[in-house]
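Overview (structure and organization)
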Amino acid sequence: MEPDEILLGELAEALDEASDADDLAAVGRALWGWHDPDARLAELVSDSAAEPLAGVRSSGDARLLRFTAEDVGIDLEVVDGHLRGLVLAPQARSLVLSDADGAVIATAEPDASGWFDLELPVRPARNPLVRLGLSDAHGVRTWTAWFRL
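Here's what I pulled together on the structure shown here. (Residues numbered from 1 in each chain as written. Predicted model: local features only at pLDDT ≥ 70, side-chain atom pairs only at ≥ 80, totals over all residues. Heavy atoms only, no water.)

Examining the packing of aromatic side chains
The description of two aromatic rings rests on the distance between their centres and on the angle between their planes. Per the counting criterion, the structure on display carries one aromatic pair. On the numbers, 5.5 Å between centres and 45° between planes, the contact of Phe-67 with Phe-147 is tilted. With Phe-67 in strand 2 (residues 63-69) and Phe-147 in strand 10 (residues 147-148), this pair connects stretches of sequence that are 80 residues apart. For Phe-67, a relative accessible area of 0% gives the class buried. One Lys or Arg, Arg-131, reaches over the ring of Trp-143 and ends 3.8 Å from the middle of that ring. (Phe/Tyr/Trp six-rings, centres within 6.5 Å; stacked < 30°, edge-to-face > 60°. Helix = DSSP H or I, 4+ residues; strand = E, 2+ residues; numbered from the N terminus. Buried < 20%, exposed > 50% of the residue type's maximum accessible area, 1.4 Å probe, protein only. Lys NZ or Arg CZ within 6 Å of the ring centre and 35° of its normal.)

Observations concerning the nonpolar core
The biggest cluster of nonpolar side chains holds 23 residues, and the ones touching the most others in it are Leu-76, Leu-97, Phe-116, Leu-118, Leu-132 and Phe-147. Counting residues per element, the ones that place at least two in this core are strand 2, strand 3 (72-79), strand 4 (82-88), strand 5 (92-99), strand 6 (104-108), strand 7 (115-119) and strand 8 (129-136). In terms of residues, this core owes the most to one element, strand 3, which gives four residues. Those residues in contact with Leu-132, other than ones at most four positions away along the chain, are Ile-74, Leu-76, Leu-95, Val-96, Leu-97, Phe-116, Leu-118, Thr-142, Trp-143, Thr-144 and Phe-147. (Core = buried A, V, L, I, M, F, W, Y, C linked by side-chain atoms within 4.5 Å. Contact = heavy atoms within 4.5 Å.)

As for the pattern of salt bridges
Across all of its chains, the model carries five salt bridges by this definition. Across the salt bridge formed by Arg-40 and Asp-71, the nearest N and O atoms sit 2.7 Å from each other. Of this pair, Arg-40 sits in strand 1 (residues 40-47) while Asp-71 sits in the loop between strand 2 and strand 3, and the two are 31 residues apart along the sequence. Of the residues examined, Asp-71 reaches a relative accessible area of 43% and is grouped as partly exposed. (Salt bridge = Lys/Arg side-chain N within 4 Å of Asp/Glu carboxyl O.)

Rendered as structure tokens:
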């Protein structure tokens, strides 16, 4: 057996054992097919699902996420079949929510203040891996980091 084959076999075993292997594989496939290299990436800086809400009596079912990139900020709330939020970006025009296969799940246009409401389709048994794309008046696109609904 060749050294490369051995290494690939060990890598496959490690990925099978990783709890996030499915997410990693989905993101890898999506990156391989990514055709928007000029787009900016908005980093996930806060996710209420990963951190306890201090000083809050009841967090309910809402999940709060915050993404930032250069001159763009996106605050999201995932609640009751909707993805609601606020875009802080100059001349934000349209939003598109895509799954790991590139299929469009939902679209919206932020209002003059930057608020938007994306109605999500019926959730599958497993929460899909998604990302939000924002386009401005100049055609510049910003993608959020991948996250699960």
